[in-house]
Amino acid sequence: MSRLTAIGLMSGTSYDGVDVALLETDGEEIGRLGPTGYRPYSEQERDSLRRAISAAANLADRKLRPKILAEAEELVTDTHAEAVEAFLAANGMTPDAVAVVGFHGQTVLHRPERGLTVQLGNGAALAARLGIAVVYDLRAADVAAGGQGAPVVPVFHRAMVGLLKRAHPVGVLNLGGVANVTFIDGKGDLLAFDTGPGNALIDDFVRMRTGQPRDDGGRAAAAGTIDAAAVARVLAHPFFAKPPPKSLDRNAFRQWVAEEGGLTAKGTEDGAATLTAVTAAAVALALTVLPRPPTGWIVAGGGTRNPTLMRMLAERLAPAKIETAGDVGWSADALEAQAFGYLAVRSLKGLPLTFPTTTGVPRPMLGGVLVKP
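I will try to describe carefully the structure that is included in this document. (Residues numbered from 1 in each chain as written. Predicted model: local features only at pLDDT ≥ 70, side-chain atom pairs only at ≥ 80, totals over all residues. Heavy atoms only, no water.)

Here's the deal with the pattern of salt bridges
Summed over the entire model, instances satisfying the criterion amount to 19 salt bridges. As a salt-bridge pair, Glu43 and Arg50 come within 2.5 Å of each other at their nearest N and O atoms. Residue classification places Glu43 among the partly exposed positions, given a relative accessible area of 46%. Measuring nitrogen to oxygen at the nearest pair gives 3.2 Å for the salt bridge that ties Arg166 to Glu323. Taken together, the residues span a long stretch of sequence, with Arg166 in the loop between helix H5 (154-161) and strand E7 (170-175) and Glu323 in strand E11 (residues 321-324) at a distance of 157 residues. Of the residues examined, Arg166 reaches a relative accessible area of 30% and is grouped as partly exposed. Judged by relative accessible area, Glu323 falls into the buried class, the value being 13%. Residues joined in a network through salt bridges with shared partners are Arg39, Glu45 and Glu82. (Salt bridge = Lys/Arg side-chain N within 4 Å of Asp/Glu carboxyl O. Buried < 20%, exposed > 50% of the residue type's maximum accessible area, 1.4 Å probe, protein only. Helix = DSSP H or I, 4+ residues; strand = E, 2+ residues; numbered from the N terminus.)

Take a look at the structure:
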């Protein structure tokens with residue numbers, strides 16, 4: 001099949017900014033990974049998204065946009081447009097050089113058990129402003145068919161691992177606000193699922209305590225003491241015993257950092273250490289539902305910038321080798337943006353995005369909505 005040039009966009013569950021990435025692909029193999037870009041959110045913009053996530057909790061119709069959500073959707077669309085415009089200018093490109101933009105949008109609600117997944121972002125408005133075709137709303141068809149709607153990037157992970165010479169099986173771990181794993185054994189079907197909290201609980205706890213958006217460099221956690229009993233209580237949650245496929249909302253374990261309970265009695269360092277251990281322990285617990293332990297792990301996402309989390313993972317996943325996306329020549333920060341460019345091309349070519357063993361959907365599913373400028 002012919003290759004297309006695509007731009008992928010991602011604003012993850014940590015909502016720190018918009019990642020932009022260029023790639024060439026035929027929807028199966030990856031031909032070239034191009035430049036990447038980033039447009040950070042201001043604290044005011046992050047606050048708007050926080051309020052939108054809170055407001056979305058009670059949505060019963062994924063198409064409804066009460067005032068806060070309508071304002072946030074306009075913000076998401078505008079910031080993504082700005083990110084692409086700046087990216088094109090920085091790389092001396094014109095819109096006609098790009099066949100399609102994969103636009104994930106901002107997840108504000110993910111409740112597949114209620115048949116709901118909501119990603120803010122107006123694909124038609126983005127296409128009109130950029131003058132480029134846009135594929136968006138990439139999770140909805142899967143959820144409507146009874147799938148989890150997440151994770152949706154495993155097919156991209158498989159294509160990326162195909163570029164490497166690695167002993168199988170390989171675990172690709174994405175440490176975003178929520179953590180998810182793709183198990184690739186070089187044969188048979190993909191297996192993928194959310195392992196548990198990623199950075200979201202750590203970020204929320206540290207922001208509540210210090211006003212800072214994250215545990216920078218994992219320093220607070222490194223200085224704290226892990227409450228093993230608290231970690232065990234979190235891991236006793238029924239989610240962790242469920243067989244895959246399974247997925248989580250960003251705020252599924254929010255009670256552990258809420259003012260009225262959880263870790264609020266602890267100091268900042270001990271709380272950060274305990275929540276960081278929760279993330280690492282949840283990934284290690286995923287080994288119990290994998291067909292066999294991966295011989296190596298490739299870790300991507302914002303969590304790779306937290307040395308304390310990476311150390312805890314290495315300890316719990318030993319003797320498997322742990323490498324970051326950067327170690328193997330991938331982009332730790334832009335990997336999901338690249339994935340959504342890849343998925344947009346698959347959508348254009350009528351190739352499935354999700355599978356029974358990645359989201360629990362009854363059959364391989366197409367996905368995405370195409371809008372042209």
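Having seen the model, we can carry on.
Points about the packing of aromatic side chains
Each aromatic ring pair is described using two quantities: the centre-to-centre distance and the angle formed by the ring planes. What the rule picks out here adds up to two aromatic pairs. Judged by centre distance (5.5 Å) and plane angle (85°), the rings of Phe239 and Phe240 are edge-to-face. Like Phe239, the residue Phe240 is buried in the burial classification. The ring centre of Phe239 lies 4.7 Å from the NZ or CZ of Lys246, which sits over that ring. (Phe/Tyr/Trp six-rings, centres within 6.5 Å; stacked < 30°, edge-to-face > 60°. Lys NZ or Arg CZ within 6 Å of the ring centre and 35° of its normal.)

Things to note about unusual backbone geometry
Here the bond from Ala150 into Pro151 is cis, since omega is -10°, no more than 30 degrees from zero. Along the chain, Pro151 turns up in the loop between helix H4 (140-144) and H5. Omega for the bond connecting Ala318 with Pro319 falls within 30 degrees of zero, at 10°, which places this linkage in the cis form. By the element assignment, Pro319 lies in the loop between helix H11 (307-317) and E11. Even without being glycine, Asp137 reaches a positive phi, approximately 55°. Note on placement: Asp137 falls in the loop between strand E6 (134-136) and H4. The buried category is assigned to Asp137, whose relative accessible area is 18%.

Topic: the side chain of Asp215
Along the chain, Asp215 falls in the loop between helix H6 (200-210) and helix H7 (219-223). Look at Asp215: it is buried, it has no salt bridge, and the nearest opposite charge is Arg219 at 6.3 Å. One polar contact links the side chain of Asp215 to the main-chain amide nitrogen of Arg219, over a distance of 3.2 Å. Polar contacts involving the side chain of Asp215 include one to the main-chain amide nitrogen of Ala221, which spans 3.0 Å. Not counting chain neighbours up to four residues away, the residues in contact with Asp215 comprise Ile202, Val206, Ala220, Ala221, Ala272 and Asn306. (Lys, Arg positive; Asp, Glu negative; His and termini not counted. Polar contact = N/O pair within 3.5 Å; in protein donor to acceptor, adjacent residues only side chain to side chain. Contact = heavy atoms within 4.5 Å.)

Some details on the pairing of strand E5 (residues 116-120)
Among the five residues in E5, five count as buried, and that is most of the element. Going residue by residue along E5, you find Leu116, Val118 and Leu120 tucked away on one face and Thr117 and Gln119 tucked away on the opposite face as well. The sheet contact formed by strand E4 (residues 100-111) and E5 spans five bridges and is antiparallel. Across the sheet, residue Arg111 finds its bridge partner in E5, namely Leu116. Once E4 ends, the chain turns through four residues before running back antiparallel as E5, passing Gly115 with a positive phi of about 70°. (Pairing = 2+ DSSP bridges.)

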